[in-house]
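Residue-level structural notes
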Amino acid sequence: MRSRRIGGLPVMDGGRLVGMVTETDLLKLLMTKGPSDDLWLPSPLEVIEIPIREFINWERTKEALTDIGSKKVGAIMSSPAIVITPEDDIEAAASLMFQKKIDRLAVVSEGTLMGIITRQDIVWAVSGGKGE
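Quick look at the structure, then. Computed from a predicted structure; not experimentally measured. (Residues numbered from 1 in each chain as written. Predicted model: local features only at pLDDT ≥ 70, side-chain atom pairs only at ≥ 80, totals over all residues. Heavy atoms only, no water.)

Regarding the overall build of the protein chain
The number of helices and strands found in the protein chain is 5 helices and 5 strands. Its helices and strands in sequence order give the protein chain the pattern β-β-α-α-α-β-α-β-β-α, from N to C terminus. Burial statistics for the protein chain: of 132 residues in total, 27% are counted as buried. Within the protein chain, residue pairs in contact and separated by at least 24 positions form 43% of the contacts whose partners lie at least 6 positions apart. Accessible surface for the protein chain amounts to roughly 9700 Å². Of this, 56% is attributable to carbon and sulfur atoms. (Helix = DSSP H or I, 4+ residues; strand = E, 2+ residues; numbered from the N terminus. Buried < 20%, exposed > 50% of the residue type's maximum accessible area, 1.4 Å probe, protein only. Contact = heavy atoms within 4.5 Å. Areas by Shrake-Rupley, 256 points an atom, 1.4 Å probe, with all protein chains shown as cover.)

Quick look at the sheet that holds strand β3 (residues 83–84)
Read across the sheet, 3 strands follow the order β3-β4-β5 without closing on themselves; strand pairing throughout is mixed. Each of the sheet's edge strands pairs with one partner strand only, and the pair in question is β3 and β5 (112–118). As paired strands, β3 and strand β4 (residues 104–109) are joined by 2 bridges and run parallel to one another. In the strand pairing of β4, I84 is matched with V107. The sheet contacts of helix α4 (residues 90–100) involve β3, β4 and β5, and relative to β4 the element is tilted by about 130°. (Pairing = 2+ DSSP bridges. Axes fitted to C-alpha atoms, helices over the stretch in contact; angles between N-to-C directions.)

Some thoughts on the packing of α4 against helix α5 (residues 119–127)
With their axes 10 Å apart at the nearest point, α4 and α5 run at an angle of 145° to one another. Judged by the sense of rotation from one axis to the other, the crossing of α4 with α5 is left-handed. Listed contacts from α5 to I90, A93, A94, M97 and F98 of α4 are R119, I122, A125 and V126. Taken together, the residues that form the contact of α4 with α5 break down as 8 nonpolar, no polar and 1 charged. (Left-handed = near helix turned anticlockwise from the far one by under 90°. Nonpolar A, V, L, I, M, F, W, Y, C, P; charged D, E, K, R; others polar.)

Here is the structure:
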């Protein structure tokens, strides 16, 4: 995704669309729980309690970062994919994206993935093109 500068990819099982993996799905992997609420140090040491909590949170973040490479796409993808047909108009696509709070839709015809439409595609379409 980074090398192609795209924010999401369809996930296929054979010829069947089963989900989408997006930047948001990847960022969710980095979310860690906050510092433990049960950590409490006696009064004289309260001054260092916050740095200790932050250290514990950093350790959880490092653990999350090292685990990313071992995750399977199927475990992190958004599923089911939210789809639209090629016959739907741009307004319907924009409305669905707004409603679902997503940045892209899979375009599916008779069960076959035809492409992906993004918010950027819609902006280009209503503004008259990519302006090459």
